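# Structural features, examined
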Amino acid sequence: EVQLVESGGGLVKPGSSLKLSCVASGFTFSSYGMHWIRQAPKKGLEWIALIYYDSSNKYYADSVKGRFTISRDNSKNTLYLEMNSLRSEDTAMYYCATYGLDYWGQGVMVTVSS
Amino acid sequence: DVVMTQTPVSLSVSLGGQVSISCRSSQSLVHNNGNTYLSWYLQKPGQSPQLLIYKVSNRFSGISDRFSGSGSGTDFTLKISRVEPDDLGVYYCGQGTQYPLTFGSGTKLEIK
C-alpha cells in the first residue's frame, strides 16, 4: 500500500523558514518524480514544485521560486520542501504527491502569522 | 499558464441521480506526445484529494465505473451516475500537459 506521510508544519512568523518532510512507502520511491501541492484555507489546489526521480530536474511555481527548494533523499525514501522568507500568503495545507498525482499524503498545515 | 475553468461551482443531486461537471482549459491540453493530460480529483470533507480519472477517460485503480470522463482539446466532462452518499465533496479538474500544473477552482457536490 502506497503511503505518503508529511511532517514539519507549524505556526511561524513572516520571514521565517520551515522544512517539510514527506516519507514514502509502498512503492519504489527512487523511481518516481514527486510533487508538492498546497491548498490555502477554503481555497483550491496550487501546484508548487516537482523534482525528478534522480533530482536531475526541479520545477517551481512562480509564487515560490527563489524562496522554496524541493529536494529528496532516495536512501531515506524522503521528499523535502525547504521554505524560506515565508509570507502570510504561504499559509496552507501542504501535500506531497507522486508524479502522476495518483497518490497524495494527508497533508501538513503551515501557518504564517505574526 | 493554462487556466482551468470549472462549472458549475456547486451541484445538488438526489441519491441515485446523475450529474455532469464541465472543465474548460484556456489552451489545448494535447501534449506533443499525443496524450491529453487531463485528470479529475475528488476531495472528500477533511481528506486529501484522490485521483479519479487520468488522461481524460481512464479510471484510476479502484474507482467505480459510475465515474466517467470524456472530452478533447479544451473541453472535458466528468459524469457521475447513480450518485451515492460517499460521492459528496469537491471535484477538481487538473491539467498535466504543461508546467505549472494547474487546477480548476472546484465543484462542490451536495446530496439532497
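Look up a bit, the structure's there.
What comes next concerns the included structure. (Residues numbered from 1 in each chain as written. Chains lettered and ligands numbered in written order. Predicted model: local features only at pLDDT ≥ 70, side-chain atom pairs only at ≥ 80, totals over all residues. Heavy atoms only, no water.)

Bringing the side chain of Lys44(B) into the picture now. Residue and element names in this part refer to chain B. Structurally, the position occupied by Lys-44 is in the loop between β4 (38-43) and β5 (50-54). Judged by its relative accessible area of 16%, Lys-44 is buried. A distance of 2.6 Å separates polar atoms of two side chains, one belonging to Lys-44 and the other to Asp-86. In contact with Lys-44, not counting residues within four places along its chain, are Gln-50, Asp-86, Leu-88 and Gly-89. (Helix = DSSP H or I, 4+ residues; strand = E, 2+ residues; numbered from the N terminus. Buried < 20%, exposed > 50% of the residue type's maximum accessible area, 1.4 Å probe, protein only. Polar contact = N/O pair within 3.5 Å; in protein donor to acceptor, adjacent residues only side chain to side chain. Contact = heavy atoms within 4.5 Å.)

All names here are of chain A. The strand order β2-β10-β9-β4-β5-β6 describes an open sheet built from 6 strands, whose pairing is mixed. At either end of the open sheet lies a strand with only one pairing partner, and these are β2 (10-12) and β6 (58-60). Sheet twist, expressed as the average angle between the axes of neighbouring strands with direction ignored, equals 25°. Judged from the 3 bridges that link them, β2 and strand β10 (residues 108-112) form a sheet pairing that is parallel. Its bridge partner being in β10, Gly-10 is matched across the sheet by Val-110. (Pairing = 2+ DSSP bridges. Axes fitted to C-alpha atoms, helices over the stretch in contact; angles between N-to-C directions.)

All names here are of chain A. Counting across every chain of the model gives 2 disulfides over all chains. The side chain of Cys-22 participates in a disulfide bridge whose partner is Cys-96; the two sulfur atoms lie 2.1 Å from each other. One disulfide, between Cys-22 and Cys-96, carries an S-S torsion of 65° and so falls in the right-handed class. Pair noted here: Cys-22 is in strand β3 (residues 18-25) and Cys-96 is in strand β9 (residues 92-98), with a separation of 74 residues, a long-range link. (Disulfide = S-S within 2.5 Å.)

This part covers the packing of aromatic side chains. Counted under the stated rule, the structure contains 10 aromatic pairs over all chains. With a centroid separation of 5.7 Å and an interplanar angle of 15°, the aromatic rings of Tyr59(A) and Tyr99(B) are classed as stacked. Here the residue Tyr59(A) occupies a position in strand β6, and Tyr99(B) occupies one in the loop between β9 (89-95) and β10 (102-103), the pair thus bridging two chains. Look at Tyr99(B) and you get partly exposed, because its relative accessible area is 31%. An aromatic cluster of three or more residues is present, and its members are Trp47(A), Tyr52(A), Tyr59(A) and Tyr99(B). Between the NZ or CZ atom of Lys19(A) and the centre of the ring of Tyr80(A), over which it lies, the distance is 4.6 Å. Arg72(A) extends its terminal NZ or CZ atom over the ring of Phe29(A), reaching a point 4.2 Å from the ring centre. (Phe/Tyr/Trp six-rings, centres within 6.5 Å; stacked < 30°, edge-to-face > 60°. Lys NZ or Arg CZ within 6 Å of the ring centre and 35° of its normal.)

Okay, the nonpolar core next. If you look at the biggest cluster of nonpolar residues, it comprises 38 residues, and the most contacted ones within it are Trp104(A), Leu38(B), Trp40(B) and Tyr91(B). Where this core is concerned, the elements lending two or more residues are β5 (45-51) and β9 of chain A together with β2 (10-13), β3 (19-25), β4, β5, β8 (75-80) and β9 of chain B. It is β4(B) that contributes the most residues to this core, 4 residues altogether. With sequence-adjacent residues up to four places away left out, Tyr91(B) is seen in contact with Gln6(B), Ile21(B), Tyr41(B), Leu42(B), Leu52(B), Phe67(B), Leu78(B), Ile80(B), Gly106(B), Thr107(B) and Leu109(B). (Core = buried A, V, L, I, M, F, W, Y, C linked by side-chain atoms within 4.5 Å.)

Okay, unusual backbone geometry next. With an omega of -5°, the peptide bond running from Thr7(B) to Pro8(B) counts as cis. Along the chain, the position of Pro8(B) falls in the loop between β1 (4-7) and β2. Pro100(B) follows Tyr99(B) through a cis peptide bond whose omega is 5°. Checked against the element boundaries, Pro100(B) lands in the loop between β9 and β10. In the Ramachandran plot, Leu101(A) falls in the positive-phi region, its phi being about 55° despite a non-glycine side chain. On the secondary structure map, Leu101(A) appears in the loop between β9 and β10. Non-glycine residue Arg82(B) carries a positive phi angle of around 45°. Considering the arrangement of structural elements, one finds Arg82(B) in the loop between β8 and β9. Look at Arg82(B) and you get partly exposed, because its relative accessible area is 47%.

Moving on, we come to the interface of chain A and chain B. On the side of chain B, 12 residues touch chain A, which itself brings 17 residues to the contact. For the pair chain A and chain B, the two sides together bury roughly 1300 Å², of which 68% comes from carbon and sulfur. If you look at where chain A meets chain B, you find 4 residue pairs in polar contact (both at pLDDT 80 or more). Contributing elements (two or more residues each) for the side of chain A that touches chain B: β4 (34-39) and β5 of chain A. For the side of chain A that touches chain B, the class distribution of residues is 9 nonpolar, 6 polar and 2 charged. (Buried area = accessible area lost by both parts, 1.4 Å probe. Nonpolar A, V, L, I, M, F, W, Y, C, P; charged D, E, K, R; others polar.)

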